[in-house]
Amino acid sequence: MNDLNTIKETAEILGVSIRWIFKLIEQGKITPIKIGGNVRCGMNLISREQIENLIKTKVK
């Protein structure tokens, strides 16, 4: 796993839809690194740390 992942890669890693990832972003549960544009336009990257935290909180 890279240090940063796209929205699509994050969804694949977690086994959820891209829409679910956008909902988490809108709810403030994860914060993407935005490169150009807004949340739905441009490049949004999610850190490995945030993905691992999501996995840990879902396992509990």
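Right above here is the structure, for reference.
Predicted model only: the values in this text are computed from it and were never measured. (Residues numbered from 1 in each chain as written. Predicted model: local features only at pLDDT ≥ 70, side-chain atom pairs only at ≥ 80, totals over all residues. Heavy atoms only, no water.)

S.K.: Explain the overall build of the protein here, please?
M.R.: Across its full length, the protein holds three helices and three strands. Written out in order from the N terminus, the α and β elements of the protein read β-α-α-β-β-α. Going through the 60 residues of the protein one by one, you find that 30% of them count as buried. Excluding contacts between residues fewer than 6 apart, the proportion of contacts in the protein whose partners are at least 24 apart in sequence is 42%. Total accessible area on the protein is roughly 4,200 Å²; 52% of this is exposed by carbon and sulfur atoms. (Helix = DSSP H or I, 4+ residues; strand = E, 2+ residues; numbered from the N terminus. Buried < 20%, exposed > 50% of the residue type's maximum accessible area, 1.4 Å probe, protein only. Contact = heavy atoms within 4.5 Å. Areas by Shrake-Rupley, 256 points an atom, 1.4 Å probe, with all protein chains shown as cover.)

S.K.: I keep staring at the pattern of salt bridges and nothing clicks. Help me out?
M.R.: If charged atoms from side chains of opposite charge come close, those side chains can pair. Overall, the coordinates contain one salt bridge when judged by the stated rule. Salt-bridge contacts for Asp-3 lead to Arg-48; the nearest nitrogen and oxygen are separated by 2.6 Å. Here the residue Asp-3 occupies a position in the segment before strand E1 (4-6), and Arg-48 occupies one in helix H3 (residues 48-59), the gap between them amounting to 45 residues. (Salt bridge = Lys/Arg side-chain N within 4 Å of Asp/Glu carboxyl O.)

S.K.: Is there a simple way to think about helix H2 (residues 18-26) in this case?
M.R.: One turn of the α-helix equals 3.6 residues, which is why residues spaced by three or four share an orientation. Within H2, the full set of buried residues consists of Ile-21, Phe-22, Leu-24 and Ile-25. Buried residues of H2, seen end-on, are gathered within an arc of 155 degrees and therefore sit on one face of the element. Turned more than 90 degrees from where H2 packs its buried face, Arg-19 and Glu-26 sit exposed. In the segment just after H2, Gly-28 is the residue with positive phi, at about 80 degrees. (Arc of directions from axis to C-beta.)

S.K.: Help me understand the environment of Ile-21 in this model?
M.R.: Locating Ile-21 in the fold gives a position in helix H2. With a relative accessible area of 0%, Ile-21 lands in the buried category. It is 8.6 Å that separates the C-alpha atoms of Ile-21 and Lys-8, two residues lying 13 residues apart in sequence. Ignoring anything within four residues of it in the chain, the contact list for Ile-21 reads Ile-7, Thr-10, Ala-11, Leu-14, Val-16 and Ile-30.

S.K.: Explanation requested: the packing of helix H1 (residues 7-14) against H2 in the structure shown.
M.R.: Packed helices, taken two at a time, are described by the angle between their axes plus the distance between the axes. At a minimum axis separation of 8 Å, H1 and H2 run at an interaxial angle of 105 degrees. When the axes of H1 and H2 are compared, the pair comes out roughly perpendicular. Each of Ile-7, Lys-8, Thr-10, Ala-11 and Leu-14 in H1 lies in contact with H2, whose residues at this interface are Ile-18, Trp-20, Ile-21, Phe-22 and Ile-25. Along the lines of polarity and charge, the residues of the contact of H1 with H2 split into eight nonpolar, one polar and one charged. (Axes fitted to C-alpha atoms, helices over the stretch in contact; angles between N-to-C directions. Parallel < 35°, antiparallel > 145°, perpendicular 65-115°, else oblique. Nonpolar A, V, L, I, M, F, W, Y, C, P; charged D, E, K, R; others polar.)

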